[in-house]
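Architecture at a glance
Single-letter residue listing:
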Amino acid sequence: MYGMQIMVNSPSYLPRALLQLDNVEVTQSGQAFRLGRYSIHWHMHGDVAYQSWVRGCSIHHTYNRAVTIHGTHRAIIAGTLAYKAMGHTFFLEDGVESGNILENNIGIYTRTSDALLNTDTTPATFWITNPNNTVRNNVAAGSQAYGFWYRLLDNPEGPSFTTTVCPKFTQMVQFSNNTAHSNMFYGLRIHPEYYPRNDPCKGFSGTFAQTPAIFTGLTAYKNGMKGFVGTQMGLVQLTNAVLGDNGGGPLAHIVNGKDNGGDAEFSWIVDDRNRFNINMTDMAGIINATIYARTSSGTGAAAGSAAQWPSGRRVTGLITQSPVKGDSKHSALMSVINVTFVDFSPTTSGSGFSALEACGKCKTFQGGSTAFTSGLKFVQSDGGKPMLSYWSWGHQGIYQDTDGSLLNAQTLPSLPSNFSLGPGATWHSAVDNNLFDPAECVYMRGTATSNDGAYCSPALQFRRVMLNRHDPESLAFRNLRVTATATNRTSLVYFTVYNEHGYQFTVPVNRNYWVHWDSVFRVDPSSFT
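Summary of the structure given here. Quick caveat, the model's predicted, so the values are computed rather than measured.

1. Observations concerning the pattern of salt bridges
Across all of its chains, the model carries 14 salt bridges by this definition. One salt bridge in this structure joins Asp47 and Arg74, with 2.8 Å as the shortest N-O distance. Placement of the pair is Asp47 in strand S4 (residues 40-47) and Arg74 in the loop between strand S7 (67-73) and strand S8 (76-78), with a sequence separation of 27 residues. Note on Arg74: relative accessible area 30%, which makes it partly exposed. For Lys168, the salt bridge is made with Glu193, and the minimal N-O distance between the two is 3.3 Å. Of this pair, Lys168 sits in the loop between strand S16 (146-150) and strand S17 (174-176) while Glu193 sits in strand S19 (residues 186-194), placing them 25 residues apart in sequence. Look at Lys168 and you get buried, because its relative accessible area is 6%.

Have a look at this one:
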């Protein structure tokens, strides 16, 4: 595992040496267990002004990456094939690298490595550490972990460390028309955080003027757990995506609580702008996408390990955000616009499929965030109704249908007789929750639409309520019962330390409620704050 290497570096007092490789084959290259001994390596080379490149090359069976850009700006990697590289294959090393172009490349079968960084045990074919780079028209296929990984830190690492560059808050230059398929876990992962803003190195201080980071044209299929996943983000949008056959791989990559398979997931969104004066197109979320549950190419032995579809795993088309722990508002903004869901049905063979899942990375009993939907379409080849959601616990989340495209005669087995659906209707979990008044809401239990859901009239507005860190200690860990005084209908609300040592629940506004602990003795508050 000790191969040749190509490294280019010029002392700062000399002109830049130019690396220009065209149509070169490189194999059995790089040196395992030696950081910096990569197959092809720009090392702390500064600005090469697009005069240095790797183009049309074949790099295969390597022991330490394929191409590394380290402390170098405006380099070009284009039309290059990398096959069976160990560790992150196309590698932007420290996070200071900017202005580089990665286009028309193919990376196949990126392998894990125990000889490099800790993250190389879950390698990405494209490892991007600064969004101020162009990544377009690339293919990442068959990685033993991820296709594309945007891993953005507060500041660059290693010898490039500086407080004047802040990748985690830097605006996106371009991610467009890339394809990720047949990767063991994720096609595109943004992790751990990304909050694009106008002045990156101010972080969260001052006026937090967010700017959209648009990941556009992603095609992601046959990825073992998810096609796209963003962990904790600000105004990040996935647009013009085609996703399908994701979530059927043999291995689960459980990182927090329940972790179902899925085509796209927005785990946590940090955005405390007022929901009433923000257009849906100006929120984080997914716009103009088609999502397939399972196609004929995701079935049978020819589909390989990506089509194992473990029987115990649920697979969701779109998994929406969880409230951010520790955020004082416990809310965020997310929209789902012009998305078509295909064959998310109880009759689709394989894992349990549903179109929408709220609170994807929640611990049990967290939740309550609202996602806003418009322009949704559901295509069912069996002519039946879609499985909108499989709910796991009460108050898990809310979908607000802003134009009537989510909740209608095409998606519901029956329509209400005492109110009309339309813009503003909402979709909820009804697990352990009988608080919904049948005059205003309809329960969907044990139907093709949901295992235990409810939809409610557009006349109702719901808000999330937090109750936590209460005294006396004798009430700790006891569950709540929330009862509407007008109807005497009740919901059970469970205690969890993950709700800031307390509870969260969603209720209609302009109502009165009794909130009492599930206890044999009465405890009245000694004070109100």
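Having seen the structure, we can now continue with the description.
2. Let's talk about the packing of aromatic side chains
Across all of its chains, the model carries 29 aromatic pairs by this definition. Centre to centre, the rings of Phe169 and Phe204 are 5.2 Å apart; their planes meet at 85°, and the pair counts as edge-to-face. In this pair, Phe169 sits in the loop between S16 and S17 while Phe204 sits in the loop between S19 and strand S20 (213-216), placing the two residues 35 residues apart along the sequence. With a relative accessible area of 46%, Phe204 lands in the partly exposed category. Between the aromatic rings of Trp391 and Tyr399, the centroid separation amounts to 6.4 Å while the plane-to-plane angle is 50°, which identifies the pairing as tilted. Classification of Trp391 as buried rests on a relative accessible area of 2%. You can call Tyr399 buried: its relative accessible area is 0%. Through successive ring pairs, a cluster of aromatic residues spans Tyr38, Phe91, Trp127, Tyr146, Trp149, Phe185 and Tyr186. Positioned above the aromatic ring of Trp53 is the side chain of Arg55, whose terminal nitrogen or guanidinium carbon lies 3.9 Å from the ring centre.

3. Points about the pairing of S20
The alternating pattern of S20 places Ala213 and Phe215 on a buried face and Ile214 and Thr216 on a face that is not buried. Where S17 and S20 come together, two bridges link them in parallel fashion. In the sheet register, Phe175 faces S20, and the bridge partner there is Phe215. Pairing between S20 and strand S23 (residues 236-244): four bridges, direction parallel. Residue pairing in the sheet places Thr216 in a bridge with Thr239 of S23.

Definitions and cut-offs
Counting of residues starts from 1 at the beginning of each chain's written sequence and follows it residue by residue. This being a predicted model, a pLDDT of at least 70 is required before a residue's local features are given, and a value of 80 or more before pairs of side-chain atoms are given or counted; all residues contribute to the totals for chains, interfaces and linings. Note: side-chain values were computed over all heavy atoms of the structure, leaving out hydrogens and water. Each salt bridge in this description consists of a side-chain nitrogen of Lys or Arg and a carboxyl oxygen of Asp or Glu lying within 4 Å of one another. What counts as a helix is a DSSP run of H or I of at least four residues, what counts as a strand is a run of E of at least two, and both are numbered from the N terminus. Only protein chains enter the area calculation, which uses a 1.4 Å probe; residues under 20% of their type maximum are buried, those over 50% are exposed, and those in between are partly exposed. Two rings from Phe, Tyr or Trp (for Trp, the six-membered ring) form a pair when their centres sit within 6.5 Å of each other. Planes less than 30 degrees apart are called stacked, planes more than 60 degrees apart edge-to-face, and all others tilted. Charges are assigned to positions over rings by a cutoff of 6 Å between ring centre and Lys NZ or Arg CZ, combined with an angular limit of 35 degrees from the ring normal. Any two strands between which DSSP finds at least two bridges are classified as paired.

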